[in-house]
Amino acid sequence: MPFREINSKMVEATVVPGRKMFSQRGAMLAYRGEVSFTPNIQGGQGGVMSMIGRRVANEAAPLMTVEGNGTVMFGHGGHHIQVINLSGDTLYVEADRLLAFDGALQQGTMFMGSQGGVMGMVRGQVSGQGLFTTTLKGHGAVAVMAHGGVIELPIAPGREVHVDPQAYVAHHGDVRNKLSTALGWREMVGRGSGEGFQLELSGSGAVYVQASEEKL
């Protein structure tokens, strides 16, 4: 169920009978046709574990199940929207950055420590985000939110990408993440906040980086 980008802050999706979509609460801007929006207390298709992850990540609002026959326009808070199309791989994204996604995608929750070890856990604390990350796997489209625009950086073997943890939006593919200390890194760019960390992503895939470090 693809999204049509209306502009950088709005997307439109076609809803057809027999297929569901999930969206963040408050993301619907307008719709045409016979479309219903129902709070999903199970946290989408991830069931109880998905709900636990979303609660631990301090996301209290449930997802909305979108069904019917029509078109829906989505947007939220004036944030930039990036559409990511999955072709069987897994997308890792913070729950509060999800705007809407195809209900055919398999939703789950990953504890950051399982992919990045202890440093993965630290990354969640440093970035101000939860230790749990939402996963979406399969064939379908996802609309995510970010500040100030998004750039997609390819990750290839031998060509890892280093990202400011607070600028990280999402990643997909066969990718490993590791948080490393970069002494003096913040001071070099004049910020002096003492947050001397870089998120290193290696493997094969892509990472999405936002222009602003502001947290959603």
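Here the structure is shown first, and the text comes after it.
To keep things clear, this report deals only with the structure shown in the data block. The model shown is predicted, which means the values in this text are computed figures rather than measured ones. (Residues numbered from 1 in each chain as written. Predicted model: local features only at pLDDT ≥ 70, side-chain atom pairs only at ≥ 80, totals over all residues. Heavy atoms only, no water.)

Here we come to the side chain of His-171. Here His-171 is to be found in strand S12 (residues 168-181). Within the structure, the side chain of His-171 is placed 2.8 Å from the side chain of Tyr-168, a separation counted as a polar contact. (Helix = DSSP H or I, 4+ residues; strand = E, 2+ residues; numbered from the N terminus. Polar contact = N/O pair within 3.5 Å; in protein donor to acceptor, adjacent residues only side chain to side chain.)

This part covers the pairing of strand S7 (residues 98-102). Among the five residues in S7, five count as buried, and that is most of the element. As defined by bridge partners, strand S3 (residues 21-24) adjoins S7 across three bridges and the pair is classed as antiparallel. Paired with Ser-23 across the strands is Ala-100, a residue of S7. (Buried < 20%, exposed > 50% of the residue type's maximum accessible area, 1.4 Å probe, protein only. Pairing = 2+ DSSP bridges.)

In this section: the pattern of salt bridges. Scanning all chains against the criterion turns up three salt bridges. Ionic pairing is found between Arg-32 and Glu-12, a salt bridge with its closest N-O pair at 3.0 Å. Within this pair, whereas Arg-32 is found in strand S4 (residues 28-40), its partner Glu-12 is found in strand S2 (residues 10-15), the two being separated by 20 residues in sequence. A salt bridge links Asp-102 to Arg-19, with the shortest nitrogen-to-oxygen separation between them at 3.0 Å. Note that Asp-102 is positioned in strand S7 and Arg-19 in the loop between S2 and S3, a separation of 83 residues in sequence. (Salt bridge = Lys/Arg side-chain N within 4 Å of Asp/Glu carboxyl O.)

Scope: geometric values only; no functional claims are made or implied.
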